[in-house]
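Next come the chains, spelled out residue by residue.
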Amino acid sequence: GAHPYVPASLDLPGYVPLRLTQLEILGTYLGTSLFVLVAVWLLSGRCRRLSGTDRLLMCWWAFTGLTHILIEGPFVFTPDFFTKTNPNFFDEVWKEYSKGDSRYVARDTATVTVEGITAVLKGPASLLAVYAIASRKSYSHILQFAVCLGQLYGCIVYFTTAYLDGFNFWASPFYFWAYFIGANSSWIVIPLLIATRSWKKICAAVHQSEKVKTK
């Protein structure tokens, strides 16, 4: 049947059109995300000896962890999301996002694999990072560094496979810049910054340890 995705020849038997508007979907997602960020910021203020940077990191890891699990998880485990006659909010999210990358509605194997790893491994690990920072655990920085590498690797695979497969999966330039580029850019810029910070912290700790040993 007819659908709003590119290429137009994409076969989506049983496709059910979107019920929610773009504003309803984005408004709900952004509003909920803002609530999570504010809630974690306020709660983190009750943790003693945490710097402003640590509190911001807790906000990021809570947001990204919940996004990985609650948004990307349903995509992975609901292969028929675009045919459901009574779709839930998450089905609608992915029908809308597919306007920026039709590989999602087409169930592209590389995309499903990357999202599966993200939802199952990086999601819980991100929430563990919130706890590790709040509790000042010794593994906090190695955990953050590892998850950041995983997120960066996922983004590299995501964009590279899109390029190799023809780089033509968006309904218009708006969806290319807003969804394909805009919605994913945070998971490149922020993990790069966090990984750099954690690398420096780990190196400084090892250097200090070596100095103590040689005394």
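Position numbers for residues start from 1 in each chain and track the written sequence from start to end. Thresholds applied to this predicted model are a pLDDT of at least 70 for local features of residues and 80 or more for the giving and counting of side-chain atom pairs; totals over whole chains, interfaces and linings are not thresholded and use all residues. Hydrogens and waters are ignored; side-chain quantities use all the structure's heavy atoms.

- The protein chain carries the name EXPERA domain-containing protein in an unreviewed UniProt entry, which gives Aegilops tauschii subsp. strangulata as its organism.
- UniProt positions are given in the numbering used here, feature names are shortened, and annotations may be inferred rather than shown by experiment. Of the comments in the UniProt record for the protein chain, the one headed Sequence similarities (unreviewed entry) reads "Belongs to the EBP family."

## Brief notes about the overall build of the protein chain
At step 1: Scanning the protein chain from N- to C-terminus turns up six helices and zero strands.
At step 2: Numbering of helices and strands starts at the N terminus; helices are DSSP runs of H or I of at least 4 residues and strands are runs of E of at least 2. Helices (α) and strands (β) of the protein chain occur, in sequence order from the N terminus, as α-α-α-α-α-α.
At step 3: The dimensions of the protein chain, computed from C-alpha atoms along their principal axes, are 75 × 35 × 30 Å.
At step 4: By the burial criterion, 43% of the 215 residues in the protein chain qualify as buried.
At step 5: The contact criterion used is simple: two residues touch if any of their non-hydrogen atoms lie within 4.5 Å. The contacts of the protein chain with a sequence gap of at least 6 include a subset with a gap of at least 24, amounting to 73%.
At step 6: We get accessible surface area from the Shrake-Rupley algorithm with a probe of 1.4 Å; when it comes to residues, only the shown protein chains can shield them. For the protein chain, the accessible area works out to roughly 11600 Å², and carbon and sulfur atoms hold 68% of it. Working definition: with a 1.4 Å probe on protein chains only, accessible area under 20% of the residue-type maximum means buried, over 50% means exposed, and in between means partly exposed.

## Here's the deal with the nonpolar core
At step 1: For our purposes a nonpolar core is just a set of buried Ala, Val, Leu, Ile, Met, Phe, Trp, Tyr and Cys residues, chained together by side-chain atoms within 4.5 Å. Core analysis: the largest hydrophobic core is formed by 48 residues, its most contacted members being Leu12, Trp61, Phe75, Trp94, Val105 and Phe180.
At step 2: Of all the secondary-structure elements, those providing two or more residues to this core are helix H1 (22–44), helix H2 (52–77), helix H3 (89–97), helix H4 (109–134), helix H5 (140–164) and helix H6 (173–213).
At step 3: Here this core takes 10 residues from H2, the largest share from any one element.
At step 4: In this structure, phenylalanine 75 is in contact with Phe81, Trp94, Tyr104, Arg107, Val112 and Glu115, ignoring residues within four places of it in sequence.

## Concerning the packing of H1 against H2
At step 1: Closest axis-to-axis distance for the H1/H2 pair is 9 Å, and the angle between their directions is 140°. Considering their axes alone, H1 and H2 lie oblique with respect to each other. Pair H1 / H2 crosses with right-handed handedness. Seen from H1, the contacting residues are Tyr29, Ser33, Val36, Leu37, Val40, Trp41 and Ser44; seen from H2, they are Gly52, Arg55, Leu56, Met58, Cys59, Ala62, Phe63, Leu66, Thr67 and Ile71.
At step 2: Under this grouping Gly is polar, as are all residues other than the nonpolar Ala, Val, Leu, Ile, Met, Phe, Trp, Tyr, Cys and Pro and the charged Asp, Glu, Lys and Arg. Grouping the constituent residues of the contact of H1 with H2 by class yields 12 nonpolar, four polar and one charged. Geometry is summarised by axes, namely lines fitted to C-alpha atoms with helices restricted to the contacting stretch, and by angles between N-to-C directions that run from 0 to 180 degrees. To sort the angles, those under 35 degrees are grouped as roughly parallel, those over 145 as roughly antiparallel, those from 65 to 115 as roughly perpendicular, and the leftovers as oblique. Crossing handedness follows the turn of the near helix against the far one: under a right angle anticlockwise gives a left-handed crossing, and clockwise gives a right-handed one.

## Notes on a nonpolar patch on the surface
At step 1: Among the surface-exposed residues, Leu34, Leu37, Val38, Trp41, Leu42 and Leu56 lie close enough to one another that they form a single nonpolar patch of about 550 Å² accessible area.
At step 2: Position of leucine 37 relative to the elements: it lies in helix H1. Within this analysis, patches are made of residues with over 30% relative accessible area and no salt bridge. Like charges are joined at 9 Å or less; nonpolar side chains (Val, Leu, Ile, Met, Phe, Trp, Tyr) at 5 Å or less. Note on definitions: salt bridges are taken to be side-chain nitrogens of Lys or Arg within 4 Å of carboxyl oxygens of Asp or Glu.

## With respect to the environment of arginine 136
At step 1: With respect to the element layout, arginine 136 can be found in the loop between H4 and H5.
At step 2: Considered as a pair, arginine 136 and arginine 49 are 87 residues apart in the sequence and their alpha carbons are 9.3 Å apart.

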